[in-house]
Amino acid sequence: MRLRRTLSILASLIALPAALPACGPNETSGSGGSTTTSSTGKLGPGELCDDPAPNVVKMRFEPKVLAVASCSSGDCTGRNVELTLDPDICKPTKVTFTSSNADVVPAPADETFDLHKPTVALVIKGGAKEGLATITASYDAGEGLIVTTDIDVEVLAPDPIACAGTDSSDALAQGQTLAGMEGLLGASISVPERANNPDENSFIWSIDPFPVTIGCGDELTPDGYVALGPAITFGPEDKVFPRELPVSIPINPVLMPEKARWRHMEIAYSGPAFTKPRTVPVADPRVEKVGGQWAVKFQVPRFGTYQAVVRKDAGTKTFSRRLTHRAVIGVSMGGGGAAMFGMRHHDRFDVLAPLGGPVDWTWMLNHIENNHLGGFPAIPKGTTLADIQLAAKACADSSECDAGQTCMGANVDKGKCVALPTPKDPYEHPSTFNTWWYEYPKTGNGGSFSRRDYTQIFRDLALMFGNPNGENFSPGAENLPAGVRPDDPSVVGDHPNGECAVTIDPLDGPDHDQQQMLDQQCPAERCAHTLTLTNYFDDEYNPDGTFPVITVCDGNEQQKDLTPWSNTWHPEGNNYPLELALAVDYNGNGVRDEMEPILRAGHENWGDTGADGKASKDEAGYAPGVNEDPEGDDYQAQYNPGGAENDHRFTAGEPFEDFGLDGVQGTSQQPASGWQQPGDGYDVGEGDGKFTTTSGLATFWERDAHSIVRGWSKDVPGGDLTDDALKRIDVWTDGGTRDLFNFAVDAQHLAGAFKARGRGVQYLTTFTAAPGLDPSNPLDFVPPRIVYEDMPGVVFQRYGATEPKKADFDSGSGQHVGTVFEIASRLQTALYFIGSRWPEPELREYVEESNVDPDPDAPNCEVGGNCTIEFTSTFGRTAPVGITLPPGYGSLKQKERRYPVIYMLHGYGQSPQDLEAAIIFLRNWMNNPIDGAGSRLPKAILVYVDGRCRVTDGKAECIRGTFFTDSVKETGAQDEAWWLELMDYVDGHYRTMGESTTDWTE
Ligand SMILES: [Ca+2]
Ligand SMILES: [Ca+2]
Ligand SMILES: [Ca+2]
Ligand SMILES: [Ca+2]
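Residues numbered from 1 in each chain as written. Chains lettered and ligands numbered in written order. Predicted model: local features only at pLDDT ≥ 70, side-chain atom pairs only at ≥ 80, totals over all residues. Heavy atoms only, no water.

## Points about the pattern of salt bridges
(1) Moving on: On inspection of all chains with the given rule, the structure shows 44 salt bridges.
(2) Moving on: Close ionic contact of Arg261 with Glu789 constitutes a salt bridge, the shortest N to O distance being 3.3 Å. Residue Arg261 is located in the loop between β16 (240-250) and β17 (265-271), and its partner Glu789 is located in the loop between β34 (761-764) and β35 (794-799); the two are separated by 528 residues in the primary sequence.
(3) Moving on: Overall, Glu789 belongs to the buried group, its relative accessible area being 1%.
(4) Moving on: Measuring nitrogen to oxygen at the nearest pair gives 2.9 Å for the salt bridge that ties Asp505 to Arg960. Here the residue Asp505 occupies a position in the loop between α6 (489-492) and α7 (512-527), and Arg960 occupies one in the loop between β41 (955-956) and α17 (975-989), the gap between them amounting to 455 residues.
(5) Moving on: With a relative accessible area of 17%, Asp505 lands in the buried category.
(6) Moving on: Residue class for Arg960 comes out partly exposed when judged on its relative accessible area of 25%. (Salt bridge = Lys/Arg side-chain N within 4 Å of Asp/Glu carboxyl O. Helix = DSSP H or I, 4+ residues; strand = E, 2+ residues; numbered from the N terminus. Buried < 20%, exposed > 50% of the residue type's maximum accessible area, 1.4 Å probe, protein only.)

Now the structure itself:
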């Protein structure tokens, strides 16, 4: 990802060859392309320069600490260091250097800053003598003020680090660190304070004191790599935590190959569950001294052996990267849209930034099936009503519940025993159908979703993608389960013309009152017509077909005393159709009672065992605690993202039961035109020799970003995602640790797909753990200082206090939106990451605003900076679009400038205008006079895309959100197709930058 100057696009703009310093290349190594080595003071069109007041001038070294190899020969390798000046200066001005110990590190030669040269690149070389030196840069800012900044440099012998001994603790507790001594210096493990807080509310990763050993492990260095330090084993090796813990392992940083950057450092791993050495993404990797020894600190959820390694050729592999100068960023539903649309049309984008949304449908749909639709015990054949428990068991605490159940709501004396699934990933929150997640009363910025909201979201998903949980062949019934005719009163209520089948969240306009009337009347009307189906089989809940099956309504008012984290089902007030699901009405009373289960009929049963057809326990050589996956095929998002066992997908070679979607052998099959009348079958796919899923599930999987990255999707509109196509797409994704939909876990799985394809991936937790920032100061968050060049091209940011205090819960930390600080930081890091992919220095110039000397031909909105249009596609979909132009866009002098485009996607229930208003401040970052050209966000056109359900041809497209995709229903929103036309419109009507190529270093 290393940026170099783009000869193809810049040669005509700047006199590049003449500007190249003799020592090489026009390389820069600052924060992702925000630096330039061009050295001309000539002002660009409309560009402004005022010499800054001396007291605002600032300089920074990157890195701030450095180790270089001692060297006695003349041919010593150096390390690149950059010095960046803010804000812009107008005239070339000298910067000088001194060394506190010139015998160890000589001072670099004088350098010069200039208006378009805000960063100077230095090469620091060590001498023969080992030791410490401080290099001080001095800059005369005028009026007698000398601005200085330091970098500490240590000169070390390039020797490997030996490992010896063992250190241990019988019970490492919160607030404690076990630090290796002598032969293990630099190795450590810590348990943060309050990590042992009792599991309560949405804190569910408490850990008690545990025994730990630190010792030397077997070498893990893969072929083609060099080890930076010894392999360190943290034991007991099979220990896995429900959270991450900070560890460190010693390294000698001067063993880094000459061209390597910290993004090239990888952490190799081996442990009982993943014996074959491999490199794994880790959280917050950081090179610093631990106990006086250089080490890399990071966080991981699992013990075993870790070792820091780097490819021998790191930093030397450059490729020609095609830049489209487009990016897409979205939050919540828009995060899902950014991942899905972005990967489907990967050829159109340089960067995807899906934030806090359903970015990985492969994991999410499996989670929904086992959590949101689960929590009910299966019944064996021969079960009669008398054997069935219809109400959840009351409890005062979990000891009163059956094994594996949790007493929820006990604190308000209304506890119910709930069979929560066991979380498989760090920070994963389980739920069941009766206990969907709800944040009340600590709503903060969490976004509280009531049961009605959940139900509505599930309905909209089925309206757009088709029902993933049932197959209905009747035309127009794509969102319904098998057996429900689209003209059934449970679907259309008492209104004519099917008006009640899809009612829109009312929009402003002439139809508003009519829409509001339908929105208010239809749900209850439909719920008054429960449909009862008989002879309906299900392997889990109706194996004999003897119980009736009914349509379901839900959406009861939240009982707030049962929260904060359980959105509990209640028998009253369920008058909103959950039309994609059916329930078994064990007691035949025509309504779904507490423990009457939701049918799950999304796919045939299969053994998710990997191609060997064997679960790990049945694989030859299985030994608990020693070798827990002999075939090496266990899927795990962080440690083995390419595994096919338990990857939530059917893989060729895995055993399946060809019994159809109901999972029961010998049941009647649904007619090709759908179930019409009693006597018709409901089942689909039995005995066809194939693994059968619903069409809805197939559509989700086909459009899923994870599936596209893994190469499982066919006919991706952007073309096959070859390795070459993949390596030009960079991704910034995030999620909150207390997000109601577990979007942090979901994003980790998407990041895993990229790792499985060989892309470098890194996790971040605290925002100031990013390179260039100070992790010990969580509030000192300054995105322009982040060194994106020291992070790989795929970054997963997890947000939310890991050891939350009450104030963190109260302010919504880690929830769907996050605290005010979290949401602002989320957007900023992602946007500056996007900007770091665009190297053009002219995008970072400080320019005259549009209204100073406006282009008389420019529309007023372009001069004002905001155009809101109604865009109508060729097929008649009309929706609002917000277009924010960068500073100077409407200026006469700048009328030839062209810009990249960032498409921005809003959340569920929002409109384009909502996000537009929320991040209006973004324009300021693009033209901030306090930043210099080495720090400024590149100017770009922002386009706010519509994902709200609209009325097209008089029909409601969906209810509230399109998920930015094309509906499988004839009358559904064709939002992807609409957006594709919008992109052409934007390119045709605004000065977008178009494509170019740049030399890029992996
Ligand atoms: Ca019932
Ligand atoms: Ca297996
Ligand atoms: Ca599988
Ligand atoms: Ca089948």
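Let's pick the thread back up.
## Digging into unusual backbone geometry
(1) Moving on: A cis amide bond, omega -10°, links Asp86 with the succeeding residue Pro87.
(2) Moving on: On the secondary structure map, Pro87 appears in the loop between β4 (79-86) and β5 (93-99).
(3) Moving on: The residue after Gly235, namely Pro236, is reached through a cis peptide bond having omega 0°.
(4) Moving on: One non-glycine residue, His648, adopts positive backbone phi at about 70°.
(5) Moving on: Among the secondary structure elements, His648 is positioned in the loop between β32 (576-584) and α8 (695-703).
(6) Moving on: Classification of His648 by relative accessible area gives buried; the value is 9%.
(7) Moving on: Even without being glycine, Asp715 reaches a positive phi, approximately 50°.
(8) Moving on: Note on placement: Asp715 falls in the loop between α9 (705-710) and α10 (723-727).
(9) Moving on: Judged by relative accessible area, Asp715 falls into the exposed class, the value being 73%.

## Describing helix α13 (residues 820-836)
(1) Moving on: Spanning 17 residues, α13 covers 24 Å between terminal C-alpha atoms, matching the ideal 24 Å at 1.5 Å per step.
(2) Moving on: Burial within α13 is extensive, with 13 of its 17 residues counted as buried. (Expected span 1.5 Å × (residues − 1).)

## Some remarks on the sheet that holds strand β29 (residues 532-533)
Where strands meet in a sheet, backbone hydrogen bonds hold them as pairs that are either parallel or antiparallel.
(1) Moving on: Taken in spatial order, the three strands line up as β29-β30-β32 in an open sheet, and their pairing is antiparallel. The open sheet terminates on both sides in strands that have one partner only, identified here as β29 and β32. (Pairing = 2+ DSSP bridges.)

## Some remarks on the coordination of the calcium ion (ligand 2)
(1) Moving on: Protein-derived ligands of the calcium ion (ligand 2) are Thr609 (O), Asp612 (OD), Asp612 (OD), Lys614 (O), Glu619 (OE), Asp633 (OD), Asp633 (OD) and Glu645 (OE), with the metal-ligand distances lying across 2.1 to 3.0 Å.
(2) Moving on: Read from N- to C-terminus, the donor residues coordinating the calcium ion (ligand 2) fall into the pattern T-x2-D-x1-K-x4-E-x13-D-x11-E. In this pair, Thr609 is assigned in the loop between β32 and α8 and Glu645 in the loop between β32 and α8, connecting sequence segments 36 residues apart. In this pair, the class of Thr609 matches that of Glu645, namely buried. (Donors = N, O, S within 2.8 Å, 3.2 Å for Na, K, Ca; no water.)

## A closer look at the coordination of the calcium ion (ligand 3)
(1) Moving on: Coordination of the calcium ion (ligand 3) by the protein is provided by Asp608 (OD), Ala644 (O), Asp647 (OD), Arg649 (O), Thr651 (OG1), Glu654 (OE) and Glu654 (OE), with metal-donor distances spanning 2.2 to 2.9 Å.
(2) Moving on: Donor residues for the calcium ion (ligand 3), ordered by position in the chain, follow D-x35-A-x2-D-x1-R-x1-T-x2-E.
(3) Moving on: By relative accessible area, Arg649 is classed as buried at 10%.
(4) Moving on: Overall, the relative accessible area of 21% leaves Thr651 in the partly exposed class.

## Structural notes on the state of the cysteines
(1) Moving on: Applying the stated criterion to the full structure yields nine disulfides.
(2) Moving on: Put simply, Cys163 and Cys216 are joined by a disulfide, and their sulfur atoms are 2.0 Å apart. Looking down the S-S bond of the Cys163 and Cys216 bridge, the torsion is -95°, so its handedness is left-handed. Here Cys216 lies in strand β13 (residues 210-216) and Cys163 lies in the loop between β9 (145-156) and β10 (166-172), a separation of 53 residues in the sequence.
(3) Moving on: Here Cys500 connects covalently by a disulfide to Cys522, the sulfurs 2.0 Å from one another. (Disulfide = S-S within 2.5 Å.)

## Digging into the nonpolar core
(1) Moving on: Residues Ile329, Trp732, Tyr903, Val943 and Trp979 are the most contacted members of the largest nonpolar core, which totals 161 residues.
(2) Moving on: Core analysis: the next-biggest nonpolar cluster, separate from the first, contains 43 residues, Leu156, Tyr269, Ala273 and Phe298 among them. (Core = buried A, V, L, I, M, F, W, Y, C linked by side-chain atoms within 4.5 Å.)

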